[in-house]
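Tertiary structure, described
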Amino acid sequence: MAIVIGDYNRKGGVGKTSSIINIAAQFAMNGKRVLLIDGDSQTNLTQYFYEGDEDIFENGLLRKGVDTLYEVLEQDLNIFNTIYSMEFTARRKWGNRFRKVSCNLDIVLGSRDMDYYGTEDAGILKEKLKVVDDLYDYIFIDFPPAHNVVTMMFLVACDYVIVPLHLAKNSSAHGYRDVIERCREARDEYGNKKLQVLGLFYNNVQIYKTDQKMMYEYSMDPDTKKSMRLFDTTIRHDYSSIQISEADRQPVCISCGNSDIAKDYKKLVKEMENRIKEERVE
Ligand SMILES: Nc1ncnc2c1ncn2[C@@H]1O[C@H](COP(=O)(O)OP(=O)(O)OP(=O)(O)O)[C@@H](O)[C@H]1O
Ligand SMILES: [Mg+2]
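Quick look at the structure, then. Keep in mind the model is a prediction, meaning the values are calculated, not measured. (Residues numbered from 1 in each chain as written. Chains lettered and ligands numbered in written order. Predicted model: local features only at pLDDT ≥ 70, side-chain atom pairs only at ≥ 80, totals over all residues.)

Focus on the overall build of the protein chain
Test applied: Secondary structure elements are defined from DSSP: runs of H or I of at least 4 residues count as helices, runs of E of at least 2 residues count as strands, and each element is numbered from the N terminus. The quantity called the radius of gyration is restricted to C-alpha atoms. Its globule counterpart is 2.2 Å times the number of residues to the power 0.38. To sort residues by exposure, count the other C-beta atoms lying within 10 Å of each residue's C-beta; 20 or more gives buried, 12 or fewer gives exposed, and values between give partly exposed, all with C-beta atoms placed from the backbone.
Looking only at helices and strands, the protein chain has 11 helices and nine strands in total. Against the globule reference of 19 Å for 282 residues, the protein chain gives a C-alpha radius of gyration of 18 Å, in line with a compact fold. With the principal axes as the frame, the protein chain shows a C-alpha extent of 50 × 50 × 40 Å. Here the protein chain holds 282 residues, and 43% of them are scored as buried.

Here it is as structure tokens:
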């Protein structure tokens, strides 16, 4: 049965999309079967992989007839028939040899039309995912920076949420309090009893900046860290690797596997796997 994980923080620009792409890719590198769903009407995740693809985009907009999450929900399509598959490969030096590394990612594209989507059935996506439940180990949903009926529908479909925070964006921590409240709502009012916050992590960290260092030290105090479910791993600011990965349309574990940021995501994924294992044993 697939484990469904969303990235949730109402605050914009904290690294939800870049993190979910790189986390999903690292899970895929570890041999897991992974589906990514672009749930944001900004369609950043879809653009990341496909903007240059003329079968999918035309003049910066999705071509007519390309099925997305919107059509799955609004036209009652089978989600399985809307999945696009990608394979990424790279050559890595291993001792004095090279070896091939690869990861496969499947994706359900996002649509600007999600801005106009409304539903009274918060369980509709959860229902739609049942047909692909056995095909994947992990399904990741990229949330928009919002709280509305769509994000509630995503929360109802999720087993866990992860919360990227930006040390320089104070209000992303306030966004976290909203996340807690909305998860409670999804559990108590919409019946998704198993939904949990898997953890929070700081993204885009520049610890040499005084304000970030102070906030980081405060939140890494053991009690605060435990109560906020912070992961040990932080994702460092790494402008050049992010640029390379965006230009190559590849996750960092493929495009710059030895970079700081690729190492950080690898570590974070290990922590996520351990937490999931612990949760499932309890
Ligand atoms: N670790 C990092 N180092 C450098 N740049 C980063 C890092 N993480 C994210 N960025 C950059 O920060 C910007 C915002 O990231 P991203 O789009 O992932 O945020 P988001 O939370 O998904 O935004 P939105 O709320 O609008 O969906 C992007 O330009 C991204 O390339
Ligand atoms: Mg985003």
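So, next bit.
A word on the site of ligand 1
Formally: Here is the check we use: build the C-beta atom from the backbone, and if it is within 6 Å of the molecule or strand, call the residue near. Residues are grouped as follows: nonpolar covers Ala, Val, Leu, Ile, Met, Phe, Trp, Tyr, Cys and Pro; charged covers Asp, Glu, Lys and Arg; every other residue, Gly included, is treated as polar.
Around ligand 1, the structure places 19 residues, and the nearest of them are Gly12, Lys16, Thr17, Ser18 and Pro145. Among the secondary structure elements, those contributing two or more residues to the shell around ligand 1 are helix H1 (16–29) and helix H9 (239–248). Sort the elements by how many residues they give to the shell around ligand 1 and H1 lands first, with three residues. Each residue belonging to the shell around ligand 1 can be placed in one class, and the counts come to six nonpolar, 10 polar and three charged.

Describing the environment of Ile242
Note that Ile242 resides in helix H9. Overall, the presence of 19 C-beta atoms within 10 Å leaves Ile242 in the partly exposed class. Between the C-alpha atoms of Ile242 and Ile261, which are 19 residues apart in sequence, the distance is 8.3 Å.

Concerning the pairing of strand E7 (residues 138–142)
Keep this limit in mind: Only when DSSP finds a minimum of two bridges between them are two strands counted as paired.
Among the five residues of E7, five are classified as buried, and the element is accordingly described as predominantly covered. The side-chain alternation of E7 yields two buried faces, one formed by Tyr138, Phe140 and Asp142 and the other by Ile139 and Ile141. Alignment of strand E1 (residues 3–7) against E7, held across five bridges, turns out to be parallel. What sits directly across from Ile3, in E7, is Tyr138. Across five bridges, strand E2 (residues 34–38) lies against E7 in parallel orientation. Note on E7: the bridge partner recorded for Asp38 is Asp142.

With respect to unusual backbone geometry
A positive phi angle, near 55°, is found at Thr43, a position not held by glycine. Within the secondary structure, Thr43 sits in the loop between E2 and helix H2 (44–50). A tally of 26 C-beta atoms within 10 Å means that Thr43 is categorised as buried. Its identity is not glycine, yet Asp76 carries a phi of approximately 60°, on the positive side. Mapped onto the fold, Asp76 is located in the loop between helix H3 (69–74) and strand E5 (83–94). Classification of Asp76 as exposed rests on a count of 9 C-beta atoms within 10 Å.

Looking at helix H11 (residues 260–281)
Heads up, the rule is: Take the residue count of a helix, subtract one, and multiply by 1.5 Å to get its expected span. Directions are taken from the helix axis to each C-beta atom, and the arc is the one they span.
An ideal rise of 1.5 Å per residue puts 32 Å on 22 residues; H11 measures up with 32 Å between its terminal C-alpha atoms. Turning to H11, its buried residues are Ile261, Ala262, Asp264, Tyr265, Leu268, Val269 and Met272. Down the axis of H11, the buried set is contained in an arc of 150°. They therefore lie on one face. Opposite the packed face of H11, turned more than 90 degrees from it, sit the exposed residues Asn274, Lys277, Glu278 and Val281.

Focus: the pairing of E5
Little of E5 sits out of view: just one of its 12 residues are buried. Relative to strand E6 (residues 97–108), E5 runs antiparallel, the two being bridged by 12 bridges. In the strand pairing of E6, Lys93 is matched with Phe98. Remark: two residues form the turn of the hairpin made by E5 and E6, two consecutive strands paired antiparallel; Gly95 in that turn has positive phi of roughly 65°.

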